[in-house]
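Chain residues, written in single-letter form:
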Amino acid sequence: MSNGTRKHTALPKAQILIEALPWLTRHRGKTVVIKFGGNAMIDEELKAAFAQDVVFLHHAGLRPVVVHGGGPQISAALDKHGIVSEFKAGLRVTTEDAMDVVRMVLAGQVQRELVNLLNEHGPLAVGMTGEDAHTITATKHLPEIDGEAVDIGRVGEITHIDTGAIEALLADGRIPVVSSIARSQDDGHVYNVNADTAAAALAAALGAETLMVLTDVEGLYEDWPNSDEVISRLTASQLEKLLPDLSSGMVPKMEGCLHAVRNGVTTARVIDGRVQHSILLEIFTDEGIGTMVVPDDQSVQGEEA
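Residues numbered from 1 in each chain as written. Predicted model: local features only at pLDDT ≥ 70, side-chain atom pairs only at ≥ 80, totals over all residues. Heavy atoms only, no water.

**Q** Sorry, what's going on with the pattern of salt bridges here?
**A** In a structure, side chains of opposite charge can pair up when their charged atoms sit close to one another. Inspection of every chain in the model, using the stated rule, returns 14 salt bridges. When the shortest N-O distance is used, the salt bridge between Arg 154 and Asp 187 registers 3.3 Å. Pair noted here: Arg 154 is in the loop between strand E8 (148-149) and strand E9 (156-161) and Asp 187 is in the loop between strand E11 (181-184) and strand E12 (190-192), with a separation of 33 residues, a long-range link. Among the salt bridges present, the one from Asp 272 reaches Arg 274, with a minimum N-O distance of 2.8 Å. Among the ionic contacts, a cluster of salt bridges with common partners joins Lys 35, Asp 196 and Lys 253. (Salt bridge = Lys/Arg side-chain N within 4 Å of Asp/Glu carboxyl O. Helix = DSSP H or I, 4+ residues; strand = E, 2+ residues; numbered from the N terminus.)

The following block contains the structure:
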């Protein structure tokens, strides 16, 4: 290969790295909470790309914390155990028997796999659940259906976050991987908590710079189904007005983003987990992808990071 050709192929790579420089500078030392879910969690290539992205963030000087649920894996395991999956108000009805399976799948399967993928790159990831060191505490969540509170079993509403164990891991240069299971505040059991909600609560409690929620859509659509234009940026108040019209799957994600930016997180983003390396594209490029939610005091014309 002649010198000229080599220069030519190397230059675009250098330009890409340099484009990331302002973001590397801005995000260095900042905590970013990433909710892992959807297709990124099932597709092998996307899963591997996700792990690479998280390790890249770590080596770029950010402090990633990964939070995951495991809807599809839980449904498959419940089927295998002959337990019927039932949903009310968009939440899984979780009996005592189902809770045993949920805990086993999240902490013993999904989390282990993710920890192992991250640790192919070094001794980085440490898995835990919200039960560890009182990280997430919850009480029974009683959703309202047609004006009445309904008991859906061991589904929890978060009442307290203790970030001590996560902070200790971050200080030690590790990547915490947290399963969305909570300890009970009042009855010695455990609760299944929505992973979007758990990620948002942790982001706020950790004073994270960014909450990123991976989804199976491009972001928040302006006028779905009439248009597939994605809203690239909106304020907390603008989002609040849109909440009543969102699809049920999008509600916990967007409510999580709203909670995060109202409680000290600088930006919350919903990004398309079906795109390989979507996390890097979102954090380190001028374009960004997905939908970003910012606090009300940031003008919508403000800087695009």
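**Q** Looking at this model, I keep getting lost on the sheet that holds strand E5 (residues 125-129). Mind explaining?
**A** What holds strands together in a sheet is hydrogen bonding between their backbones, with the strands either parallel or antiparallel. Taking strand neighbours across the sheet as the criterion, the eight strands line up as E5-E10-E2-E1-E13-E15-E16-E14 in an open arrangement whose pairing is mixed. Here the strands that pair on one side only, and so sit at the sheet edges, are E5 and strand E14 (233-235). Each neighbouring strand pair of the sheet contributes to a mean axis angle of 20°, computed without reference to strand direction. By the bridge criterion, three bridges tie strand E2 (residues 63-68) to strand E10 (residues 175-179) in an arrangement that is parallel. Paired with Val 66 across the bridge in E10 is Val 177. Helix H5 (residues 96-118) rests against strand E1 (31-36), E2, E5 and E10 of the sheet, and its axis sits at about 165° to E5. (Pairing = 2+ DSSP bridges. Axes fitted to C-alpha atoms, helices over the stretch in contact; angles between N-to-C directions. Contact = heavy atoms within 4.5 Å.)

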